[in-house]
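# Structure assessment
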Amino acid sequence: MTDRDAGVRYVHPEWSSRWAFVLAATGSAVGLGNVWKFPYMAGAGGGGAFVLVYIFCVALIGVPIMMSEIMLGRRARRSPVNTMRVLAREAGASPIWQLVGWMGMVTGFLILSFYSVVAGWTMAYVFRVADGAILAQSPLGVRQAFGALVGDPRQGLLWHTLFMLMTTAVVARGVRAGLERAVKLMMPALFLLLLALVFYAVRNGAFREGFEFLFRTDFTKLTPAVLLGAMGQAFFSLSLGMGAIMVYGSYLPRRSSIAGTTLVIVAADTMVALLAGLAVFPIVFANGMEPASGPSLIFQTLPLAFGQMPGGAVWGGLFFVLLVLAAWTSSISLIEPAVAWLTEARGVHRAAASALAGLLAWSLGILTVMSFSDWAFEFKFLGMQKANGFFDILDILTTNLTLPLGGILIVAFAGWVMPRALAGEELDVRSRTAFELWSWLARYVAPALVTVLLVFLLLGNYLYA
Ligand code: PHE
């Protein structure tokens, strides 16, 4: 492909196969969002009410947006910023659409900044669990051990730095060989270990209570905070709204079914989240813990479960290793849009671009590290008490605002701005009905639902003020 915008020597990379894309995109989607964030958000959101809205959002908003992101990326074969610019030009629309790409890049940095800190805790836990020390503790002891880790900025910073170095190292090399292979082995292993944990929860935890908490819907709990939180979590967990899936889609070979691929990724992501919930809540209730205890939830529950299991140190250590890997395959997709843009449009060498992006996200991450110790402050958001200042602000700003906003703009662009014939050709769905279904979701349902929920944010904030 010749490209005047991109300089002479730039060649846009491509996955080795459709299967490689599925793995990479699933690797992006499945991560801390599923195992760490989903359980604590569901816990704070009253369980079943949250889960119901979440699944609803995944199906009606997540699926059409993911299809749109992949489709736009593959059509333009450029970084998200230039994808939006080029496709807007092709459709005769305003170049202002490239702002979607810019907002996505900024969002990626903001998310990675706190994501890396939490991934760092996960790494620290590999060692704490594997050496057995934390496993012999009571619920109170486990809680104190977590507090000691996050309350010490030096440790937080150390692990955060390490994880960011790992992330940049992979992105610097290009996404292809190493990652494709790692994901292939790792995802099934994580899935199996989660199943084993659920099995444990069935036998030794308060499984009934945990199950009911997750799946019995109490409609009185559907507050603006829960609705908005569940929608945001759907975006976060599926990696949508900031260009991660778009840039991965831009490496996708032509002629692979976008609809089928999307369904595989979405199903895998949802399964892992639900399994994580089923593993965590029985332990919560069996030990008289608080479902709404926030970001520390899995770090307090899982060690208890492993502590009572034969061979718990080994299985627990392995579990946290897999979680680190899952976080790793997600974190690379958070800076890939920025790195792709720097290499493609600015001619920066990939290694330099990765280092620069990593440094930026790392610096921002200091805010999160300090949010759990010296710089902690509390505030209220939609009636919910938040205890970890900057971390919560970054999380709310991205999960509840810029991801949904980016998503709505992407799906509206695909549904309304892009010529229908082009969208149809690029999506290449076999049946006419399937295309009409996508088109209906992309044009009306997804934009309308996201708008309604975002309005809830403003309204709710006002109500709870
Ligand atoms: N989906 C990832 C997770 O669940 C996080 C992520 C969000 C990755 C946005 C890329 C973009 O852990």
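Look above for the structure.
A brief report on the enclosed structure follows. (Residues numbered from 1 in each chain as written. Predicted model: local features only at pLDDT ≥ 70, side-chain atom pairs only at ≥ 80, totals over all residues. Heavy atoms only, no water.)

All right, on to the overall build of the protein then. Within the protein, the regular secondary structure consists of 18 helices and two strands. Over its C-alpha atoms the protein spans a radius of gyration of 21 Å, differing by no more than 12% from the 23 Å that the globule rule assigns to 465 residues. Dimensions of the protein, computed from C-alpha atoms along their principal axes, come out at roughly 65 × 45 × 40 Å. Burial status across the protein gives 60% buried among its 465 residues. The contacts of the protein with a sequence gap of at least 6 include a subset with a gap of at least 24, amounting to 82%. Carbon and sulfur atoms provide 67% of the accessible area of the protein, an area that totals close to 18,000 Å². Side chains of the protein give 31 positive and 23 negative charges; the mean places of these two sets differ by 6 Å. (Helix = DSSP H or I, 4+ residues; strand = E, 2+ residues; numbered from the N terminus. Rg over C-alpha atoms; globule rule 2.2 N^0.38 Å. Buried < 20%, exposed > 50% of the residue type's maximum accessible area, 1.4 Å probe, protein only. Contact = heavy atoms within 4.5 Å. Areas by Shrake-Rupley, 256 points an atom, 1.4 Å probe, with all protein chains shown as cover. Lys, Arg positive; Asp, Glu negative; His and termini not counted. Charge placed at Lys NZ, Arg CZ, Asp CG, Glu CD.)

Another point: the packing of helix 5 (residues 99–130) against helix 16 (residues 389–417). In the contact formed by helix 5 and helix 16, the axes pass within 10 Å of each other and the chain directions differ by 150 degrees. Relative to helix 16, the element helix 5 lies roughly antiparallel. Every pair of crossing elements has a handedness; the one defined by helix 5 and helix 16 is left-handed. Along the contact surface, helix 5 presents Val100, Met103, Thr107, Leu110, Ile111, Ser113 and Phe114, while helix 16 presents Phe391, Leu394, Asp395, Leu397, Thr398, Thr402, Leu403, Leu405, Gly406, Leu409 and Ile410. (Axes fitted to C-alpha atoms, helices over the stretch in contact; angles between N-to-C directions. Parallel < 35°, antiparallel > 145°, perpendicular 65-115°, else oblique. Left-handed = near helix turned anticlockwise from the far one by under 90°.)

Looking now at the nonpolar core. If you look at soluble globular proteins, the nonpolar side chains tend to sit buried side by side. Among the nonpolar cores identified, the biggest contains 165 residues, and Leu72, Phe319 and Phe320 are the most heavily contacted of them. Beyond its immediate chain neighbours, meaning those up to four positions away, Phe320 contacts Thr122, Tyr125, Val126, Val129, Phe299, Leu302 and Phe306. (Core = buried A, V, L, I, M, F, W, Y, C linked by side-chain atoms within 4.5 Å.)

Turning our eyes to something else, we now look at helix 6 (residues 139–150). Every α-helix winds through 3.6 residues per turn, so residues three or four apart in the chain are directed the same way. Here helix 6 contains twelve residues, and its C-alpha end-to-end distance of 17 Å stays within 8% of the 16 Å for a straight helix at 1.5 Å per residue. For helix 6, the full list of buried residues reads Gly141, Val142, Phe146, Leu149 and Val150. Axial view of helix 6: buried residues confined to an arc of 165 degrees, hence all on one face. Structurally, helix 6 contributes buried residues whose contacts are with helix 5, helix 7 (153–173), helix 13 (297–307) and helix 15 (350–371). (Expected span 1.5 Å × (residues − 1). Arc of directions from axis to C-beta.)

Our focus in this paragraph is the side chain of Ser439. Inspection of the secondary structure assignment puts Ser439 in helix 18 (residues 432–464). By relative accessible area, which is 5% here, Ser439 ends up buried. Polar contacts involving the side chain of Ser439 include one to the side chain of Arg420, which spans 2.7 Å. Not counting residues within four places of it along the chain, the set of residues in contact with Ser439 comprises Arg420 and Tyr444. (Polar contact = N/O pair within 3.5 Å; in protein donor to acceptor, adjacent residues only side chain to side chain.)

In the neighbourhood of the ligand, 15 residues make up the surrounding shell, with Ala29, Gly33, Tyr115, Phe236 and Ser239 lying closest. Between Ser28 and the ligand, the recorded distance is 3.1 Å, taken from a backbone N or O atom to a nitrogen atom. The backbone of Phe236 places a nitrogen or oxygen atom 2.8 Å from a nitrogen atom of the ligand. Burial of the ligand by the protein amounts to 100% of the accessible area it has alone, namely 320 Å². Looking at the shell around the ligand, the elements with two or more residues in it are helix 1 (18–29), helix 2 (32–44), helix 10 (224–237) and helix 14 (312–345). (Near = heavy atom within 4 Å.)

This part takes up the packing of aromatic side chains. All told, the structure shown has 33 aromatic pairs when counted by the stated rule. A centroid spacing of 6.4 Å and a plane angle of 20 degrees characterise the contact between Phe299 and Phe320, whose relative ring orientation is stacked. Residue Phe299 is found in helix 13, and its partner Phe320 is found in helix 14; the two are separated by 21 residues along the sequence. Phe320 shares its class with Phe299; the two are buried. The ring of Trp416 carries Arg443 above its face, with NZ or CZ at 4.2 Å from the centroid. (Phe/Tyr/Trp six-rings, centres within 6.5 Å; stacked < 30°, edge-to-face > 60°. Lys NZ or Arg CZ within 6 Å of the ring centre and 35° of its normal.)

Here we take up a nonpolar patch on the surface. A cluster of nonpolar side chains, namely Trp416, Leu437, Trp440 and Tyr444, defines an oily patch on the protein surface of about 470 Å² accessible area. With three residues, helix 18 is the largest single contributor of residues to the nonpolar patch. Position of Leu437 among the secondary structure elements: in helix 18. When its relative accessible area of 48% is taken as the criterion, Leu437 is described as partly exposed. (Patch = residues over 30% accessible without salt bridge, like charges linked within 9 Å, V, L, I, M, F, W, Y side chains within 5 Å. Salt bridge = Lys/Arg side-chain N within 4 Å of Asp/Glu carboxyl O.)

Turning our attention to the side chain of Arg350. Of note, Arg350 is situated in helix 15. A relative accessible area of 17% places Arg350 in the buried class. A polar contact is formed between the side chain of Arg350 and the backbone oxygen of Val171, at a distance of 2.6 Å. Setting aside residues no more than four positions away along its own chain, Arg350 makes contact with Val171, Ala172, Gly174, Tyr251, Glu336, Val339 and Thr343.

This next bit is on the environment of Ser250. Here Ser250 lies in helix 11 (residues 244–250). Overall, Ser250 belongs to the buried group, its relative accessible area being 0%. Sequence-distant contacts of Ser250, defined by excluding residues within four places in its chain, comprise His12, Pro13, Gly73, Arg74, Arg77 and Arg78.

Everything listed here is a matter of geometry and, on its own, says nothing about what the molecule does.
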